[in-house]
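# Geometric and topological summary
If you want the building blocks of each chain, they are given just below.
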Amino acid sequence: MLKLQNIETFYGNIQALKSISMDIAEGEIVTLIGANGAGKSTTLMSISGVVPPRAGEILFQDQPIHGLPPNTIVSMGISQVPEGRRIFPYLTVLENLDMGAFLRDDKDEIKNDIAYIFELFPILAERRNQPGGTLSGGEQQMLAISRALMARPRLLLLDEPSLGLAPLVVKRIFDIVRKINTENNTTVFLVEQNANLALKTAHRGYVMENGRIIMADAADKLLANEDVRKAYLGI
Ligand code: ATP
């Protein structure tokens, strides 16, 4: 579904991604783990077009998307949930969800999707008329994921969904990520610093260090790998 070939991404003169190549197949949950500053968020932003790569190719369903503007990439079926959530704090929950559907004009289907989201996250239904900024951190993460789902993505990019949240809330969010993957057949690319949780959720994983991919394997193999355990699982 998604193929990155020799991606090089820069911030000015600083090279954040050094010849990154990876593949994601339809229906998979794939995770990218690595330390702070390894280049995980930059990988997601290269895919979504927010920080376009300077070299290399990104193919989505066999079509090149590198160099396309972010809104075109969204309309092709890729939605990103950015790190730190970034919902619209002064808009209500419902208005935030509407913003996620801004490229769509199928009003009835939009209504159905909101009903589906309220089934996934009943707390958002209860808070539908509350400004997003008044929600708890966990509820804001649920809203950020829901807003991305309103674009009906085939591929969902999640950047650090567990960041700053209590373990129970994190568990609930990851349960829903698995549900979106299995029930909705949405492919998921998950960037996480919580490597243990990410590898337990994903089918496959990539490990990144200093802008390079240093390992790629099935998630259970990475979980059992001595180097990964020492460096990322604190074991
Ligand atoms: P984190 O988990 O801390 O977000 P990360 O693995 O997602 O880390 P990136 O945010 O992708 O890493 O950063 C990769 C490299 O690019 C780092 O060296 C970082 O300092 C640098 N970088 C990130 N954003 C910018 C920016 N806007 N301007 C300059 N350098 C940046």
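Right, let's walk through the structure included here. (Residues numbered from 1 in each chain as written. Predicted model: local features only at pLDDT ≥ 70, side-chain atom pairs only at ≥ 80, totals over all residues. Heavy atoms only, no water.)

### Comments concerning the packing of aromatic side chains
The final tally for this structure, using the stated rule, is 0 aromatic pairs. A cation sits over an aromatic face here: Arg-54 above Phe-10, 4.1 Å from the ring centre. (Phe/Tyr/Trp six-rings, centres within 6.5 Å; stacked < 30°, edge-to-face > 60°. Lys NZ or Arg CZ within 6 Å of the ring centre and 35° of its normal.)

### Some words on helix H7 (residues 167-184)
The terminal C-alpha atoms of H7, which comprises 18 residues, lie 25 Å apart, in line with the 26 Å expected from a rise of 1.5 Å per residue. Residues of H7 that are buried include every one of Val-170, Ile-173, Phe-174, Ile-176, Val-177, Ile-180 and Asn-181, and no others. Looking straight down H7, one finds its buried side chains confined to an arc of 155°; they lie on one side. Seen from the open side of H7, the exposed residues pointing more than 90 degrees away from its buried face are Leu-168, Thr-182 and Glu-183. Contact partners of the buried residues in H7: strand E3 (29-34), helix H4 (107-120), helix H6 (137-149), strand E7 (155-159), strand E8 (187-192) and helix H8 (195-201). Count one or two residues on from H7 and you reach Asn-185, which has phi positive near 50°. (Helix = DSSP H or I, 4+ residues; strand = E, 2+ residues; numbered from the N terminus. Expected span 1.5 Å × (residues − 1). Buried < 20%, exposed > 50% of the residue type's maximum accessible area, 1.4 Å probe, protein only. Arc of directions from axis to C-beta. Contact = heavy atoms within 4.5 Å.)

### Section: the sheet that holds strand E2 (residues 14-24)
Taken together, 4 strands build an open sheet; the order of strands is E2-E1-E4-E5 and the sheet is antiparallel. Since the sheet does not close on itself, it has two edges, and those belong to E2 and strand E5 (63-64), each with one partner. Relative to E2, strand E1 (residues 2-11) runs antiparallel, the two sharing 7 bridges. Paired with Lys-3 across the bridge in E2 is Asp-23. Docked against the sheet, helix H1 (residues 40-48) engages E1, E2 and strand E4 (55-60), running at close to 110° with respect to E1. (Pairing = 2+ DSSP bridges. Axes fitted to C-alpha atoms, helices over the stretch in contact; angles between N-to-C directions.)

### Regarding the sheet that holds E3
The strand order across the open sheet built from 6 strands is E6-E7-E8-E3-E9-E10, with neighbouring strands paired in mixed fashion. Two strands bound the open sheet, and with one partner strand each, they are strand E6 (78-81) and strand E10 (212-218). Averaged over all pairs of adjacent strands, the angle between their axes in this sheet comes to 15°, without regard to strand direction. Relative to E7, E6 runs parallel, the two being bridged by 4 bridges. When the bridges of E7 are listed, Val-81 appears paired with Leu-158.

### Digging into the pattern of salt bridges
This model, assessed by the stated rule, comprises 9 salt bridges. Taking the shortest distance from any N to any O, the salt bridge between Asp-113 and Arg-104 comes out at 2.8 Å. Of the two residues, Asp-113 and Arg-104, both sit in the buried class. One salt bridge connects Asp-175 with Arg-178, and the closest N-O pair in it is separated by 3.0 Å. Residue Asp-175 and its partner Arg-178 are both found in helix H7; the two are separated by 3 residues, about one turn of the helix. Put simply, Arg-104, Asp-106, Glu-109, Asp-113 and Arg-152 are held in one network by salt bridges that share partners. (Salt bridge = Lys/Arg side-chain N within 4 Å of Asp/Glu carboxyl O.)

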